[in-house]
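Fold and contact review
Here's the letter readout for the chains.
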Amino acid sequence: MLALFDLDGTLADRHAGQLAWAVEFAADHGLDPAEVDWLMAADGNGMVSKEEYFGLVRERYGLAASFDELWVQYRDRQPTLVPAYDGMLDGLKQLRAAGWRIGVVTNGYEDVQTLTLTSSGIAEHVDGWAISAAENIRKPDVGLFEIAAARAGSALGGGWMVGDSQADIVGGRAAGLRTAWVHHGREWPAGVGGPDHVVAAAADAVRLILR
Ligand SMILES: [Mg+2]
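Quick caveat, the model's predicted, so the values are computed rather than measured.

Quick look at the overall build of the protein
In terms of helices and strands, the protein carries 10 helices and six strands. In terms of overall dimensions, the protein is globule-like: its C-alpha atoms have a radius of gyration of 18 Å, near the 17 Å expected for 211 residues. Looking at the protein as a whole, 47% of its 211 residues qualify as buried. Residue pairs in contact within the protein that sit at least 24 positions apart in sequence constitute 62% of those at least 6 positions apart. Surface exposure of the protein reaches about 9,700 Å², of which carbon and sulfur atoms provide 50%.

Now the structure itself:
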């Protein structure tokens with residue numbers, strides 16, 4: 001019995017962490033607090049590459065620090081500000097108590113995702129994880145799900161995938177998993193094979209899995 005979860009926007013509240021980082025960055029650089037809005041918008045929910053993001057940040061604020069310096073500071077700090085969603089650690093605890101093996105399957109940088117997992121406390125409540133940059137393979141490729149399953153010590157058969165992106169659901173379906181999509185107020189796009197369940201939060205998916 002395997003339950004796989006995405007990390008950002010599913011187990012971990014990346015938005016809250018990014019906001020905390022932006023507030024701190026603005027204060028550290030003596031920026032107008034209103035710049036937090038710009039720092040958040042330019043991040044594109046993490047979908048903008050950090051090369052592009054910090055290029056824009058350096059240009060806008062005329063920073064002397066190099067991209068490499070800003071990037072090192074960011075990846076040492078931002079992941080430590082990303083919390084698990086309310087009730088999520090308890091949910092993982094309940095799943096494990098019921099005999100489920102738990103894996104995390106995430107697209108992202110190896111050091112950033114690993115530090116997010118450990119500092120949020122999520123790492124100690126799961127059995128293994130697969131990070132795209134470490135494996136050179138990205139969701140929705142089924143290969144990343146297979147690696148996560150193996151690390152969690154379980155086969156994919158009869159398992160679940162919970163995530164907030166299309167890649168989570170498309171990949172989860174392709175891997176033969178039951179799927180739950182965290183909607184964050186969005187509609188599932190027409191014409192794309194949809195999830196088995198639509199939930200407001202991953203903690204709601206835990207209740208479905210345990211049902
Ligand atoms: Mg996500």
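Here the narrative resumes, following the displayed structure.
With respect to the coordination of the magnesium ion
Four donors placed tetrahedrally about a metal ideally form angles of 109.5 degrees, and six donors placed octahedrally ideally form angles of 90 or 180 degrees. The magnesium ion binds to the protein through Asp6 (OD), Asp8 (O) and Asp164 (OD); the donor distances cover 2.1 to 2.2 Å. Motif for the magnesium ion, donor spacing along one chain: D-x1-D-x155-D. Note that Asp8 is positioned in the loop between β1 (2-5) and α1 (14-28) and Asp164 in the loop between β4 (160-163) and α9 (166-174), a separation of 156 residues in sequence.

Notes on the domain arrangement of the protein
By domain assignment, the protein separates into domain 1 (2-13 + 83-210) and domain 2 (14-81). Contact residues are listed per partner, giving 11 residues for domain 1 and 13 residues for domain 2. Interface area for domain 1 against domain 2, summed over the two sides, is near 900 Å², with a carbon-plus-sulfur share of 59%. Our count for the contact surface shared by domain 1 and domain 2 stands at one salt bridge. For Asp111, the salt bridge identified is with Arg75, shortest N-O distance 2.8 Å. The interface formed by domain 1 and domain 2 contains six residue pairs in polar contact (both at pLDDT 80 or more). Across the side of domain 1 that touches domain 2, the residue classes break down as five nonpolar, three polar and three charged.

Parameters at a glance
Residues numbered from 1 in each chain as written. Predicted model: local features only at pLDDT ≥ 70, side-chain atom pairs only at ≥ 80, totals over all residues. Heavy atoms only, no water. Helix = DSSP H or I, 4+ residues; strand = E, 2+ residues; numbered from the N terminus. Rg over C-alpha atoms; globule rule 2.2 N^0.38 Å. Buried < 20%, exposed > 50% of the residue type's maximum accessible area, 1.4 Å probe, protein only. Contact = heavy atoms within 4.5 Å. Areas by Shrake-Rupley, 256 points an atom, 1.4 Å probe, with all protein chains shown as cover. Donors = N, O, S within 2.8 Å, 3.2 Å for Na, K, Ca; no water. Domains from an automatic or database assignment. Buried area = accessible area lost by both parts, 1.4 Å probe. Salt bridge = Lys/Arg side-chain N within 4 Å of Asp/Glu carboxyl O. Polar contact = N/O pair within 3.5 Å; in protein donor to acceptor, adjacent residues only side chain to side chain. Nonpolar A, V, L, I, M, F, W, Y, C, P; charged D, E, K, R; others polar.

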